[in-house]
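# Geometric and topological summary
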Amino acid sequence: LNPRTNLLLAEMIHGIFNYQNMHWAYWHINKKKVPVHRQHPVHKLSTLSSELCIVAPQKCLCIMETSVFIPRRMGEAMLHTLSVLLKVPAMAHWQVHMLRAEQGVPVQPDGKSCGVFSAVLCLSMLCHRPRRLPELTEETLKEWRAHMAHTILLTNPNVNLGFAS
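Here the focus is the sheet that holds strand β2 (residues 23-30). Taken together, 4 strands build an open sheet; the order of strands is β1-β2-β5-β6 and the sheet is mixed. Where the open sheet ends on each side, the last strands, each with one partner, are β1 (12-19) and β6 (95-99). Ignoring which end each strand starts from, the neighbouring axes of this sheet average 20° apart. In the packing of helix α2 (residues 72-86) onto the sheet, the strands contacted are β1, β2, β5 (60-64) and β6, and the crossing angle to β6 comes to about 140°. Running over the sheet, helix α3 (residues 114-127) touches β1, β2 and β5 and is turned about 20° from β2.

Here it is in structure tokens:
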């Protein structure tokens, strides 16, 4: 199957993106057709301290971030671009949910770890069943950052991390 076919067949699409080369966020697209006549929780996520439940009666894009930096129009532009690439015009009109701390998305403990935070959030959404949000502290973010660097070096030993030899 080609990449376009894989995306068309998937019930959900997950990823992270960088907004204006300044901030990272996790996103996913729910492609399931949920009947409009009944409220159905698309996501019920929990941590030890919080629970996030999204009610979305139709197909949607969810962007989870820890600030209010990313505007809804970014999600609308993403859906429009995907609708053109995938040749699914209706996708451009799907709902965009901006999920932040008020909705239960955990807040990163510093102002510099949004990339690691978003990658760990994406991994948690993909791998944990039932889905749960990670508990992230400054210490666990350091551990995740080291794990990610190690993984990158293992898969591609020619990566230049900018260190002089």
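To continue, consider the state of the cysteines. Working definition: the covalent bond between the sulfur atoms of two cysteines is a disulfide. Tallying each qualifying case throughout the model produces 0 disulfides. Cysteine Cys-127 is unpaired, with the sulfur of Cys-122 as its nearest cysteine sulfur at 8.5 Å. Of the residues examined, Cys-127 reaches a relative accessible area of 52% and is grouped as exposed.

A few words on the nonpolar core. Note on soluble globular proteins: their nonpolar side chains tend to be buried together. Ranked by size, the top nonpolar core spans 17 residues in total, and within it Phe-17, Trp-27, Ile-29, Leu-61, Ile-63 and Leu-79 carry the most contacts. Put simply, the parts of the chain that give this core at least two residues each are β1, β2, β5, α2 and β6. Of the residues forming this core, the biggest block, 4 residues, is contributed by α2. Aside from chain neighbours lying at most four places away, what touches Leu-79 is Ile-29, Leu-61, Met-91, Ala-92, Trp-94, Gln-95 and Val-96. Grouped together as the second largest cluster of nonpolar side chains are 14 residues, Tyr-26, Met-64, Phe-117 and Val-120 included.

Reading the values: rules and limits
- Starting afresh in each chain, residues are numbered from 1 along the sequence in its written order.
- Reporting in this predicted model follows two pLDDT cut-offs: at least 70 for local features of residues, and 80 or more for side-chain atom pairs to be given and counted; totals over whole chains, interfaces and linings ignore these cut-offs and use all residues.
- Side-chain metrics rest on all non-hydrogen atoms present in the structure, leaving aside hydrogens and water.
- In this description, strands pair whenever DSSP reports at least two bridges between them.
- The way it works is that DSSP assigns letters per residue, a run of H or I at least four long becomes a helix, a run of E at least two long becomes a strand, and they are numbered from the N terminus.
- Here the axes come from fitting lines to C-alpha atoms, over the contacting stretch only for helices, and the angles between their N-to-C directions go from 0 to 180 degrees.
- Here, residues are in contact when the closest pair of their heavy atoms is within 4.5 Å.
- The definition used for a disulfide is geometric: two cysteine sulfur atoms within 2.5 Å.
- Between buried and exposed lies partly exposed: a residue is buried under 20% and exposed over 50% of the maximum accessible area for its type, with that area taken using a 1.4 Å probe on protein chains only.
- Side-chain atoms within 4.5 Å link the members of a nonpolar core, which is a set of buried Ala, Val, Leu, Ile, Met, Phe, Trp, Tyr and Cys residues.

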